[in-house]
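# Summary of the model geometry
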Amino acid sequence: MKTKIIGIALIVLLGSCNTKVKKENENLKAETLKLKQENETFQSQNKKLNASIEGYKVFLKEVDENLKSIDVNATMVGKVGKDGKGNPDTKEMIRARIASIKALMDNSKLKLIALDRSLNEMRKKYGDQSEEVLALNNEIKAQARMLLEREAEFVVLKSELEADVEELELAYEKQLALTQELNNILNRAYYFAGSSKDLKQKGIVDKEGGFIGLGQVKVLNANSEDQLFSAIRKDSTSALEFNAKSIKLITEHPEGSYSLTSTKDKTQLVISDKKLFWKSTNYLVVQL
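As the structure is a prediction and not an experimental result, all values here were calculated from the model. (Residues numbered from 1 in each chain as written. Predicted model: local features only at pLDDT ≥ 70, side-chain atom pairs only at ≥ 80, totals over all residues. Heavy atoms only, no water.)

Our next topic: the overall build of the protein. Secondary structure summary: the protein contains eight helices and seven strands in total. Classification of the 288 residues of the protein by burial places 42% in the buried group. In the protein, the proportion of contacts linking residues at least 24 apart, taken out of those at least 6 apart, comes to 76%. (Helix = DSSP H or I, 4+ residues; strand = E, 2+ residues; numbered from the N terminus. Buried < 20%, exposed > 50% of the residue type's maximum accessible area, 1.4 Å probe, protein only. Contact = heavy atoms within 4.5 Å.)

Spelled out as structure tokens, the structure:
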């Protein structure tokens, strides 16, 4: 009799667990569907955001929450994938969480890209708060780095599960396009070259010749037609040539990361260690 009661209790418990799993899957699917709809709106409208500091902070907070949700889902997928192989309900949960991770990643990428596209308007609108705008720009890049790290971890996790869970397909074309745009944001750098007089007149250096910093400089992003600085890519720019017998680097770039070669009327800056050269700043200011 006691054994029978225990057996009934186990059946009830298993049924309760299955019901809970199914409910979790339904909630995940509903949340994922909502995210996908929002993502489609972003993509179809090539969306920019209303330029406001508060609006930026709201979206950055949402991306931060997305990153936390990605971590939770990835942890659950890893745990469930190891402990519950062969269970149909487990496979369904893994599929639901994988879909949620994909949607969260897309949502985060689209929001960061939209924020980046709105930077020019932000700088023009909040010129008196340019330091805060710069901080928001740095936050975009920090979150983009974290997101790409999560994506790399997710690809590894997915490959480990593919043998046990079918149909874990990624929409690679869209994923790669968004990932590439995030990489473009992270690899964007700027440079300006001018005489001592030019640098002072444009407010790039102070009277002593030191770099003032971007808070007081009109720096617009790569989408702008009205740029003080020229945009380049950190990962693919190995050398820059200047029409001057000699040059001086005003911004901080460690020795050993570059070299200078001068001819009669030109000087070439060769970047030998890109990562080290751009470690302290994404800006290069050259005095001719």
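Ranked by size, the top nonpolar core spans 34 residues in total, and within it Y56, L112, L115, M122, L147 and L182 carry the most contacts. Within the residue set of this core, elements represented by two or more residues are helix 2 (53-83), helix 3 (88-117), helix 4 (119-125), helix 5 (130-161) and helix 6 (172-186). A total of 10 residues in this core trace back to one element, the largest contributor, which is helix 3. If you look at the next biggest cluster of nonpolar residues, it comprises 13 residues, including I247, L249, L269 and F277. (Core = buried A, V, L, I, M, F, W, Y, C linked by side-chain atoms within 4.5 Å.)

Inspection of the secondary structure puts E132 in helix 5. Separated by 79 residues in sequence, E132 and I53 have C-alpha atoms that sit 8.1 Å apart. In contact with E132, not counting residues within four places along its chain, are I53 and K57.

Taken as a whole, this structure holds eight salt bridges when the rule is applied. R188 is the partner of D116 in a salt bridge, and the nearest nitrogen-oxygen pair spans 3.0 Å. Of this pair, D116 sits in helix 3 while R188 sits in strand 1 (residues 188-194), and the two are 72 residues apart along the sequence. Look at D116 and you get buried, because its relative accessible area is 3%. Since its relative accessible area comes to 12%, R188 is described here as buried. Connected via shared salt-bridge partners are D64, E65 and K68. (Salt bridge = Lys/Arg side-chain N within 4 Å of Asp/Glu carboxyl O.)

Taking strand neighbours across the sheet as the criterion, the three strands line up as 3-6-5 in an open arrangement whose pairing is antiparallel. Only two strands of the sheet have a single partner each, and these edge strands are strand 3 (239-242) and strand 5 (258-262). Pairs of neighbouring strands in the sheet enclose a mean axial angle of 15 degrees, with direction left out of account. Looking at chain direction, strand 5 and strand 6 (residues 267-271) are connected through five bridges and run antiparallel. What sits directly across from S259, in strand 6, is V270. (Pairing = 2+ DSSP bridges. Axes fitted to C-alpha atoms, helices over the stretch in contact; angles between N-to-C directions.)

Right, let's get into the confidence of the model for the protein. Averaged over the protein, the pLDDT score is 77; the fraction of residues at 70 or greater is 72%. Ranking the elements of the protein by mean pLDDT puts helix 1 (residues 2-45) last with 62 and strand 6 first with 93. This stretch, residues 2-15, has a pLDDT under 50; its non-local contacts, to residues over four places away or in other chains, come to zero contacts. (pLDDT = per-residue confidence, 0-100.)

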